[in-house]
There are 2 protein chains.
Amino acid sequence: MHSADAFLFQLFFIFVWAKLFGEIFERLKLPAVVGEILAGIVIGPYCAALVVPNDSIYSIAQIGAIFLLFTVGLETQPKDLLSVGQTSLYVALAGITVPFIFGFTYMIATHATPHEATFVAAAMVATSVGVTARVLGDLHVLRTTPARIILGAAVFDDILAMILLSVVVGAVSATGTAWIQLTVTSIEAVGFALIMMFYAPRLVKRMEPGLKRMSTQNAPLVIALAICLGLSIAAEKIGMAAIIGAFFAGLAFADYSPRWNLRPRVSAINEFLAPFFFFSMGARLDLRVFDRKLIISAIILSVLAFLSKLLGCGLPALRSGWNTALKVGVGMVPRGEVGLIVALVGLQMNVISHSAYALLIFMTGATTLVAPPLLRVLFKDAQTALEALPERRSTVDVEV
Amino acid sequence: MHSADAFLFQLFFIFVWAKLFGEIFERLKLPAVVGEILAGIVIGPYCAALVVPNDSIYSIAQIGAIFLLFTVGLETQPKDLLSVGQTSLYVALAGITVPFIFGFTYMIATHATPHEATFVAAAMVATSVGVTARVLGDLHVLRTTPARIILGAAVFDDILAMILLSVVVGAVSATGTAWIQLTVTSIEAVGFALIMMFYAPRLVKRMEPGLKRMSTQNAPLVIALAICLGLSIAAEKIGMAAIIGAFFAGLAFADYSPRWNLRPRVSAINEFLAPFFFFSMGARLDLRVFDRKLIISAIILSVLAFLSKLLGCGLPALRSGWNTALKVGVGMVPRGEVGLIVALVGLQMNVISHSAYALLIFMTGATTLVAPPLLRVLFKDAQTALEALPERRSTVDVEV
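Q: Lay out the overall build of chain A with the relevant residues and their values.
A: The helix and strand inventory of chain A stands at 19 helices and 0 strands. Computed over C-alpha atoms, the radius of gyration of chain A comes to 21 Å, within 12% of the 21 Å expected from 2.2 N^0.38 for 400 residues, which places it in the range of a compact globule. In chain A, the proportion of contacts linking residues at least 24 apart, taken out of those at least 6 apart, comes to 79%. Surface accessibility of chain A: about 16300 Å² in total, with carbon and sulfur atoms responsible for 65%. One way to put it: in chain A the 28 positive side-chain charges average out to a point 5 Å from where the 24 negative ones average out.

Q: Break down the packing of helix α8 (residues 145-173) of chain B against helix α15 (residues 322-331) of chain B for me, citing the residues and quoting the values.
A: Each pair of packed helices gets described by two things: the angle between the helix axes and the distance between those axes. Residue and element names in this part refer to chain B. Where α8 meets α15, the closest approach of the two axes is 9 Å, and the angle between their N-to-C directions is 40°. Handedness of the α8/α15 crossing: right-handed. Contact residues: α8 offers P146, I149 and I150, while α15 offers T324, K327, V328 and G331. Partitioning the contact of α8 with α15 into residue classes produces 4 nonpolar, 2 polar and 1 charged.

Q: If you had to explain the interface of chain B and chain A to someone new, which residues and values would you point to?
A: Each partner contributes residues to the interface: chain B has 46 residues there, and chain A has 46 residues. Contact between chain B and chain A buries roughly 4400 Å² in total, counting both sides, with carbon and sulfur atoms accounting for 70%. Counting every contact that joins chain B to chain A gives 0 salt bridges. Linking chain B with chain A are 8 residue pairs in polar contact (both at pLDDT 80 or more). Of all the secondary-structure elements, those providing two or more residues to the side of chain B that touches chain A are α1 (2-27), α3 (55-75), α10 (219-237) and α13 (262-283) of chain B. The greatest single-element share of the side of chain B that touches chain A, amounting to 13 residues, is contributed by α1 of chain B.

Q: An account of helix α11 (residues 242-253) of chain B is needed here, citing residue identities and associated values.
A: All names here are of chain B. Helix length check: α11, at 12 residues, gives a terminal C-alpha distance of 17 Å against a target of 16 Å (1.5 Å per residue), a fit within 8%. For α11, the buried fraction is high: 12 of the 12 residues fall into the buried class. Along α11, the positions that sit buried rather than exposed are A242, I243, I244, G245, A246, F247, F248, A249, G250, L251, A252 and F253.

Q: Kindly report on the relation of the copies chain B and chain A, identifying the contributing residues and their values.
A: Relative to chain A, chain B is turned by 180° and slid 0.0 Å along the rotation axis, the superposed coordinates differing by an RMSD of 0.0 Å. The symmetry that links the two subunits is that of a two-fold axis. Here 100% of the contact residues of chain B are again contact residues in chain A; the copies associate through an equivalent surface.

Q: Residue-level account of the packing of helix α16 (residues 337-348) of chain A against helix α17 (residues 354-378) of chain A, with values.
A: Residue and element names in this part refer to chain A. In contact at an axis separation of 10 Å, α16 and α17 are set at 175° when each is read in the N-to-C sense. When the interaxial angle is binned, α16 and α17 end up roughly antiparallel. Of the residues in α17, those in contact with L340, A343, L344 and L347 of α16 are H354, Y357, L360, I361 and T364. Of the residues assigned to the contact of α16 with α17, the class counts are 7 nonpolar, 2 polar and no charged.

Q: Provide a residue-level description of the nonpolar core, including the pertinent values.
A: F248 and F272 of chain A together with F248 and F272 of chain B are the most contacted members of the largest nonpolar core, which totals 232 residues. What F248 of chain A contacts, discounting residues up to four positions off in sequence, is I159, M162, F192, A193, M196 and M197 of chain A.

Q: I'd like a rundown of helix α5 (residues 86-109) of chain B, residues and numbers included.
A: Turn by turn, an α-helix covers 3.6 residues, leaving residues three or four places apart pointing in a common direction. All names here are of chain B. When the terminal C-alpha atoms of α5 are compared, their 34 Å separation across 24 residues agrees well with the 34 Å that a helix rising 1.5 Å per residue should span. Every buried residue of α5 is listed here: T87, S88, V91, A92, G95, I96, P99, G103, Y106 and M107. Of the residues flanking the end of α5, it is H111, one or two places downstream, whose phi is positive at about 65°.

Q: Describe the pattern of salt bridges, listing the residues and the values that go with them.
A: Residue and element names in this part refer to chain A. On inspection of all chains with the given rule, the structure shows 16 salt bridges over all chains. Notably, a salt bridge pairs K327 with D381, separated by 3.3 Å at the nearest N-O pair. One end of the pair, K327, is in helix α15 (residues 322-331); the other, D381, is in helix α18 (residues 380-388), with 54 residues separating them in the sequence. Judged by relative accessible area, K327 falls into the buried class, the value being 6%. Look at the salt bridges and you will find they share partners, linking K19, E36 and E271 into a network.

Q: Lay out the confidence of the model for chain A with the relevant residues and their values.
A: Low pLDDT marks stretches whose predicted atomic positions should not be read closely. All names here are of chain A. Mean pLDDT for chain A: 85, with 92% of residues reaching 70 or above. Across chain A, the element-wise mean pLDDT spans from 38 in helix α19 (residues 390-399) up to 95 in helix α14 (residues 292-314). Counted against residues more than four places away or in other chains, residues 390-400, with its pLDDT under 50, gives 7 contacts. Interface scoring of the predicted complex returns ipTM 0.84; its pTM is 0.86.

Q: Before we move on, could you go through the side chain of T324 of chain B and cite the residues and values that matter?
A: Residues and elements named next belong to chain B. Mapped onto the elements, T324 comes out in helix α15. T324 gets classed as buried once you look at its relative accessible area, which sits at 12%. In this structure, T324 is in contact with P146 and I149, ignoring residues within four places of it in sequence.

Q: Go over the packing of aromatic side chains, please, and point to the residues and values.
A: Throughout the structure, instances matching the rule amount to 30 aromatic pairs over all chains. A centroid spacing of 5.1 Å and a plane angle of 75° characterise the contact between F247 of chain A and F248 of chain A, whose relative ring orientation is edge-to-face. Like F247 of chain A, the residue F248 of chain A is buried in the burial classification. Their ring planes at 45° and their centres at 6.0 Å tell us that F15 of chain B and F272 of chain B sit as a pair that is tilted. Of this pair, F15 of chain B sits in helix α1 while F272 of chain B sits in helix α13, and the two are 257 residues apart along the sequence. Comparing F15 of chain B with F272 of chain B shows no difference in burial state: the two are buried. Its end group placed over the ring of F9 of chain B, K237 of chain A keeps NZ or CZ at 5.7 Å from the ring centre. When the ring centre of F379 of chain A is taken as origin, the NZ or CZ atom of K327 of chain A, which lies over that ring, is 4.9 Å away.

Q: Describe the side chain of R335 of chain A, with residues and values.
A: Residues and elements named next belong to chain A. Relative to the elements of secondary structure, R335 occurs in the loop between α15 and α16. Although R335 is buried, it forms no salt bridge, and the closest oppositely charged side chain is D157 at an N-O distance of 7.5 Å. Engagement of the side chain of R335 in a polar contact is seen with the backbone oxygen of V333, the distance being 2.5 Å. For R335, the contacting residues outside a window of four places in its chain are P99, M124, V125, A126, S128, A305, S308, K309, M363, T364, T367 and T368.

Q: A description of the environment of A171 of chain A should follow, citing residues and the corresponding values.
A: Residues and elements named next belong to chain A. On the secondary structure map, A171 appears in helix α8 (residues 145-173). Classification of A171 as partly exposed rests on a relative accessible area of 27%. Sequence separation of A171 and G95 is 76 residues, and the distance between their C-alpha atoms is 22 Å. Excluding anything up to four places from it in sequence, A171 contacts L182 and T185.

Q: Please provide a residue-by-residue account of a nonpolar patch on the surface, values included.
A: Residues and elements named next belong to chain A. On the surface, a cluster of nonpolar side chains totalling about 380 Å² of accessible area is made up of I295, I299, V303, L307 and F362. With 4 residues, the top contributor of residues to the nonpolar patch is α14. Summarising the element assignment, I295 is placed in helix α14. Among the residues examined, I295 registers a relative accessible area of 37% and is labelled partly exposed.

About the cut-offs
Residues numbered from 1 in each chain as written. Chains lettered and ligands numbered in written order. Predicted model: local features only at pLDDT ≥ 70, side-chain atom pairs only at ≥ 80, totals over all residues. Heavy atoms only, no water. Helix = DSSP H or I, 4+ residues; strand = E, 2+ residues; numbered from the N terminus. Rg over C-alpha atoms; globule rule 2.2 N^0.38 Å. Contact = heavy atoms within 4.5 Å. Areas by Shrake-Rupley, 256 points an atom, 1.4 Å probe, with all protein chains shown as cover. Lys, Arg positive; Asp, Glu negative; His and termini not counted. Charge placed at Lys NZ, Arg CZ, Asp CG, Glu CD. Axes fitted to C-alpha atoms, helices over the stretch in contact; angles between N-to-C directions. Left-handed = near helix turned anticlockwise from the far one by under 90°. Nonpolar A, V, L, I, M, F, W, Y, C, P; charged D, E, K, R; others polar. Buried area = accessible area lost by both parts, 1.4 Å probe. Salt bridge = Lys/Arg side-chain N within 4 Å of Asp/Glu carboxyl O. Polar contact = N/O pair within 3.5 Å; in protein donor to acceptor, adjacent residues only side chain to side chain. Expected span 1.5 Å × (residues − 1). Buried < 20%, exposed > 50% of the residue type's maximum accessible area, 1.4 Å probe, protein only. Least-squares fit on C-alpha atoms with pLDDT ≥ 70 in both. Parallel < 35°, antiparallel > 145°, perpendicular 65-115°, else oblique. Core = buried A, V, L, I, M, F, W, Y, C linked by side-chain atoms within 4.5 Å. pLDDT = per-residue confidence, 0-100. Phe/Tyr/Trp six-rings, centres within 6.5 Å; stacked < 30°, edge-to-face > 60°. Lys NZ or Arg CZ within 6 Å of the ring centre and 35° of its normal. Patch = residues over 30% accessible without salt bridge, like charges linked within 9 Å, V, L, I, M, F, W, Y side chains within 5 Å.

As structure tokens, then:
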């Protein structure tokens, strides 16, 4: 009874502290996610040590990661891409390539192993568009061109980052001849992604009549949860990360999510589980690794992470003008959950050191914190333009 | 990585099997809950041993129990009582007293310790109205008098059973002079229940302006979850069971649940977690304890459980006629989640043996399975009456 007691207490304690830090950050107009991670750092075992999460908490954090990516997948609507088109694709492609090259080169230059360098680089590529979307939504500028390019690019970005992660995990855990294995893994990863993107939604469509005949209550939710868990395991079995399966499961259900009312219900599960994931991300950060050298490294890596997205995502948007390019570049800067999960997978596979893990947490926090205030300044002109046109402004306000 | 792998596999495996058995039971017009428990018995360690749940699964089952009772609390609207009044109160009171006396007497007669007898008796009192409500809903007779008495009595029943459980847990874990301790615990339990029923909803009401000022997304859900976990711990700290706190937390939020849209979202969390609770209830059942003697005991206890509710709940409804009394009596027969949790608490406190645990699982399954077909037969006349009045029938159908 006593261990159960302690578990329940940890559950309560972690949930409340994570949400409290999140609330403080929101009030300071900073992203709540960073607050939840900071709660883990401050309250966790390496700092105040008020709570040392046990295995069950880490298991719940793991389910939290799966539901987090399942939610990201559900919110990724490939259909949205048709309206923004090519620019977004180029923004996403360059926005993945440039940070990967920057990250990999820097890590190799600082004598990391190729495996570690690959993982750190992979963790640097994924934009967390949630933070940007929130800021743009608050400013009521979601319908401007740069905002639409950013949101479109984020869809490609998520999918490309997942394929990249599959290849990286596969390559690192491979034992045979490196290049053959890498080729096999890449084909496997791309194949999995293509099947999930183009074939799985059709399967989901075909399931519909069967679901209607099911007697279980909330059958669509139950089936979606089962498939999410099943694909997570399938992804792990073929050498990828579980969250990749969860993400593509979400993608497969994305079209049917409004009809089956999946999103609000999966979000509710996510609302309960995600704080444990973010908290334990912070709790795993051993603050003792931060010496003078590592802090300098962390700052350099964060600057590289910032510049690489600014360049990679800004350049393809240049044809729409400097101003748009700058907005798109900054909008794609924040890293978030996907990068964190890549870092965690690397740590669990013993591919990256605690120092590299610390670098990545620092980089994620820095890029996520720096983007919102910059976006507010950059989009001031769009707001002013809207205010200068009072008759249009009201229309826009109604639409937003 | 490997243990995480195994955990994810268990998660998937248990969820799918529990839901599969649930679906089969639903198709056979039997309660899904019994199917989910049976999945745990059949797949679990003591039978096919296809899966041996690890600690993390049991931890998740524990959260499942908390959310289950939180949902029950949210769905208990004390306001509903005003319309049904006294009859329901008497039905609930006698429906708790008679089974307790029957259960306690039988267990003492079969040489159980007083503590064990108390726990088994306490597990026999709580009606699971979900099963009955589902059957009556399917028959479109929810607006008949017996149905309204049953649903009203279920509200009192839940609250009274929770108070009884608090007293029992407190009394059993007490170390001082038995009678003094029992008095203190009873006052504590009743006090806790009264505060939660009458004062807590007012506190929730006062929280509303504060919630509106909060920056956290989905603030009402986050606060409700935090309070549910907090009260679970509080209940445990003062010597009751965690689920009692969760139940009363639900009760405190019941009035605000529609306005804050809490129920569908808490239900979604419950939908994911509850199968792990029911499955692990079954998985804990050691089938080897079932010898000839225990089977006879189980059958006798089940018959007593059936008769005690039939008598206890039927008699107070006699003034509305024999027919109504019979319907009310049978409608209150099914035991479910609350009884199971009492059994589990007893097992974890080492107060009841594996044999007594087996008796209670058997009794829960038997009472839950036997009631639905009987209800369908008993309510045939109400259906026929509705069919005989075609113009009223259409109204009822629209209302239902």
